[in-house]
Amino acid sequence: MEGLTYAKSGVDIFKEEKAIKSLISSIQFNRKGIGRYLGGHFAGLIDFGDHALVLCTDGVGSKVMIANEMRKWDTIGIDCIAMNVNDCICVGAEPIAFVDYLAMEKPDPKITREIGKGLAKGAKIANISIAGGETATLPEIIKGFDLAGTCLGYVKKENIILGDGIREGDIIIGLESSGLHSNGFTLARKVIENSKLSYRDEFPNGIYEGKTIGEVLLTPTRIYVKEVLEVVRNFEIHGLAHITGGGMRNLLRLKDVKFIIDNPFDPQPIFKFIQEKGNIELKEMYQTFNMGMGFAIILAKDYADDVLDILEKKSEAKSKIVGHIERGKGVKIPSLNLVFI
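For clarity, every value in this text was computed on a predicted model and none was experimentally measured. (Residues numbered from 1 in each chain as written. Predicted model: local features only at pLDDT ≥ 70, side-chain atom pairs only at ≥ 80, totals over all residues. Heavy atoms only, no water.)

J.: How should helix H3 (residues 63–70) be read in this particular structure?
T.: Those residues of H3 that sit buried are Lys63, Val64, Ile66, Ala67 and Met70. For H3, the angular spread of buried residues about the axis comes to 155 degrees, placing them on one side. Looking at the buried side of H3, the elements it contacts are helix H4 (76–88), strand S5 (145–156), helix H6 (185–194) and helix H7 (213–217). In the stretch just after H3, Arg71 is the one whose phi turns positive, near 50 degrees. (Buried < 20%, exposed > 50% of the residue type's maximum accessible area, 1.4 Å probe, protein only. Helix = DSSP H or I, 4+ residues; strand = E, 2+ residues; numbered from the N terminus. Arc of directions from axis to C-beta. Contact = heavy atoms within 4.5 Å.)

Shown next as structure tokens:
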């Protein structure tokens, strides 16, 4: 059987990259006195005196379809907060406020109440305020609902982290993910559907202690705000990356260097399950999913032990040195014989 890919499932990350570049090329206007620091990074920065305001926006994606199938909507609000605040901290910024956008086929107080519970929990974990939002009823456009949001943060200009400080010899510290987070679900859903499985089937071999496939897939995205900001405040950090859609290719956003991942995390069982059921090539897995690593911190080798000590105390996620920086370009995982350029 020919293996599934993200593109065959309906999402082509390379076409997305071209579409985004096309969109950006058409956006020429910037208010006088407002400086754009970058394009293509994890968050946008706006000149604000001694500080930069930080804006980023993201959604939960087709993970909401599994929430609908399971009739369990109380965690996807956490995902929505997480996908945004985890991007915000990638430039060294502290997220402070959030607004959500909920588009629905038809109003449903039960669903909105449950979504609100997740948004509130995510905001508490990230220590941000939900400043408002918008709900739209769009029966001719939306089937079910779509949840997205925008995060506001701030950072002193001298503390902005863009990745330009990354240099040969730096080490890469990885923070473990909680699972798929909120990316690659178009492919994951296609695997389940093609395998004639149900989201309500118990996950095989009791690996997840009696949880169903759907419950495992709905595991909320991990929020890394507390521990990453603690590290940023105490050490000179050269680069930060949120490992989202595109997998290890996210590291390529930072700088044209070679990221050697010679000690990767072992992916959680859900990834092996998806790979085997979908007959998916390993490279496709690592350029679609986070494969066990949700965040990366890049810094000088001298500070590695101290940073790991902070992460061990402050983070619920496991952390370890996963690799280092060499001269060149791309991402290489030697043990798996994988290269991304």
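J.: Which parts of the structure should I look at to understand the pattern of salt bridges?
T.: Side chains that differ in sign of charge can pair as their charged atoms come close. All chains considered together, the criterion is met by eight salt bridges. When the shortest N-O distance is used, the salt bridge between Lys117 and Glu114 registers 2.9 Å. Taken together, the positions of Lys117 and Glu114, both in helix H5 (residues 109–126) and three residues apart, correspond to about one turn of that helix. For Lys117, a relative accessible area of 46% translates into the label partly exposed. In this structure, the salt-bridge partner of Arg189 is Glu193, at a minimum N-O distance of 3.7 Å. Placement of both Arg189 and Glu193 in helix H6 is noted, with a separation of four residues, approximately one turn of the helix. (Salt bridge = Lys/Arg side-chain N within 4 Å of Asp/Glu carboxyl O.)

J.: Any chance you could explain unusual backbone geometry here in plain terms?
T.: Leave glycine aside and you will find that most residues have negative phi; peptide bonds, for their part, are mostly trans. A positive phi angle, close to 60 degrees, is found at His181, a residue other than glycine. Its location among the elements puts His181 in the loop between strand S6 (171–176) and H6. For His181, a relative accessible area of 1% puts it in the buried group. Phi is positive for Lys196, which is not a glycine, with a value near 60 degrees. According to the relative accessible area criterion, Lys196 is exposed, its value standing at 74%.

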